[in-house]
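Structural description and commentary
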Amino acid sequence: AINHPGGKITLFWLKALSKKRSAAEKNWIGIPAESKIFFQRVLTGSSYPAEMGRVVLASHTYFLFSLDGEWTKENILPLLDWSIDPKRAQRAWHGYLTWGRWDDALLPEILPLFEKIFSKLSSGLSPMRNRICEYLASIAVYGSSNPLQEGWIERFLKTVADEDRKSWASHVRDQLSSLKEDKVYNLWDRWLEKYWRQRITGVPCPLDQEELKEMIAWAPNLGSVFPDVVDKICESIKSINPNFELKNHGSYFYRELGKRNFAATHPESLIKLLQHLLEHTQEPFWRCREAEALVKDLISNSSKRHQLKSICDELSRIGCKNASNLLGDQ
């Protein structure tokens, strides 16, 4: 759409509108009449250039909503409504998911439209399913609302396929990596702890191995509630056991655990986590250096040598050649 004349012309009008907004400053009263006239031609046109223009308009939903909320609700958001026109909505979602943004003001309007496409992730919106999971993860982590109370996270999990639940969990990990420490406890207390507790009991659907692997990777980014997270991980593994198996889990997982200094701040929880994870880890294991570094830090901060020896034994089992000498080095 952005390379088609219809899309280019629409982008020109949007850029002109942005300049007008900047010039108006506090005197802004909404989208000017001449812009509305042009946009209306794009919205109602039956030509292919108009279709491409609508894709561009949908990609700027957040921008237009910030300029004129009521006009955007009446004219732009219906483009994303799958129940009105699936073909048009499919194109509009491609635009929005490529460039679109959200904020708490837009969420009450956009979330119901997201819900209408949950069932389309494996069909009409298959090429964008990963991007949809990324947006929903961002909303869950950074939105001010409670996805459990609102119910959309339950409806999402019950509707989508296993690979989408895994994708969502993976994107939650990415979002958590940039979450400030003072926000972590609030997120955990507000809904994330309850969400994990429910998933362990199979609500609204049971955890599977691949999804749990992604959730385990949340741990380094949940420092202020790390002991609680470790407990949830161990309970989750037990709920899947005896079939749970890890192979070379997490390229940066063990490195991040070391960087967060959990060996000093939460040594007992880190020992518990390593015991449970390594017990279910199979070769090939390519993170020996990082895991051994964690054990060295734990040896300096914990007197639980029996548990540390069991960790060293597990590391030796999966091919870490230096593990058997770690305790003897002290």
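Reference entry: report on the structure contained in this document. The structure presented is a predicted model; accordingly, all values stated were derived computationally and were not measured.

Quick notes on the overall build of the protein chain
The helix and strand inventory of the protein chain stands at 19 helices and 2 strands. With the C-alpha coordinates of the protein chain rotated into their principal frame, the extents come out at 80 × 40 × 35 Å. A separation of at least 24 residues holds for 73% of the contacts in the protein chain among residues at least 6 apart in sequence. Total accessible area on the protein chain is roughly 15,800 Å²; 47% of this is exposed by carbon and sulfur atoms.

Quick word on the packing of helix α7 (residues 107-115) against helix α8 (residues 129-142)
The contact between α7 and α8 brings their axes to 12 Å, and the two run at 140°. One element, α7, and the other, α8, form an angle in the oblique class. Helix-helix and strand crossings are classified by hand; for α7 and α8 the assignment is left-handed. Contacts from L107, L111 and F114 in α7 reach I132, Y135, L136 and I139 in α8. Split by residue class, the contact of α7 with α8 holds 7 nonpolar, no polar and no charged.

A look at the pattern of salt bridges
If you walk through the whole model with that rule in mind, you get 25 salt bridges. A salt bridge links K232 to E193; its shortest N-O distance comes to 3.0 Å. Note that K232 is positioned in helix α14 (residues 226-240) and E193 in helix α12 (residues 181-200), a separation of 39 residues in sequence. Given a relative accessible area of 9%, K232 falls into the buried group. Between R199 and E211 there is a salt bridge, and its shortest N-O distance comes to 2.6 Å. Placement of R199 in helix α12 and of E211 in helix α13 (residues 209-216) is noted, with a sequence separation of 12 residues between them.

Observations concerning the packing of helix α18 (residues 288-301) against helix α19 (residues 305-317)
Where α18 meets α19, the closest approach of the two axes is 11 Å, and the angle between their N-to-C directions is 165°. With respect to α19, the element α18 is oriented roughly antiparallel. The handedness of the crossing between α18 and α19 is left-handed. Contacts between α18 and α19 pair A291, E292, V295, L298 and I299 from the former with L308, I311, C312 and L315 from the latter. Looking at side-chain class alone, the contact of α18 with α19 contains 8 nonpolar, no polar and 1 charged residues.

What about the state of the cysteines?
Formally, a disulfide is one covalent bond, and it connects the sulfur atom of one cysteine to the sulfur atom of another. Overall, the coordinates contain 1 disulfide when judged by the stated rule. Free of any disulfide, C133 has its nearest cysteine sulfur in C205, 13 Å distant. Free cysteine C234: the closest other cysteine sulfur is in C312, separated by 18 Å. Judged by its relative accessible area of 7%, C234 falls in the buried class.

Considering the nonpolar core
Judged by nonpolar contacts, the single largest core of 111 residues is most densely connected at W93, Y96, F114, F156, W168, W218 and L315. Sequence-distant contacts of W93, defined by excluding residues within four places in its chain, comprise L80, W82, L113, F114, I117 and L125.

Points about α14
With 15 residues, α14 extends 21 Å between its outermost C-alpha atoms, agreeing within 8% with the 21 Å of an ideal straight helix rising 1.5 Å per residue. Listing the buried residues of α14 in full gives F226, V229, V230, K232, I233, C234, S236, I237 and I240.

Conventions adopted
- Residues numbered from 1 in each chain as written.
- Predicted model: local features only at pLDDT ≥ 70, side-chain atom pairs only at ≥ 80, totals over all residues.
- Heavy atoms only, no water.
- Helix = DSSP H or I, 4+ residues; strand = E, 2+ residues; numbered from the N terminus.
- Contact = heavy atoms within 4.5 Å.
- Areas by Shrake-Rupley, 256 points an atom, 1.4 Å probe, with all protein chains shown as cover.
- Axes fitted to C-alpha atoms, helices over the stretch in contact; angles between N-to-C directions.
- Parallel < 35°, antiparallel > 145°, perpendicular 65-115°, else oblique.
- Left-handed = near helix turned anticlockwise from the far one by under 90°.
- Nonpolar A, V, L, I, M, F, W, Y, C, P; charged D, E, K, R; others polar.
- Salt bridge = Lys/Arg side-chain N within 4 Å of Asp/Glu carboxyl O.
- Buried < 20%, exposed > 50% of the residue type's maximum accessible area, 1.4 Å probe, protein only.
- Disulfide = S-S within 2.5 Å.
- Core = buried A, V, L, I, M, F, W, Y, C linked by side-chain atoms within 4.5 Å.
- Expected span 1.5 Å × (residues − 1).

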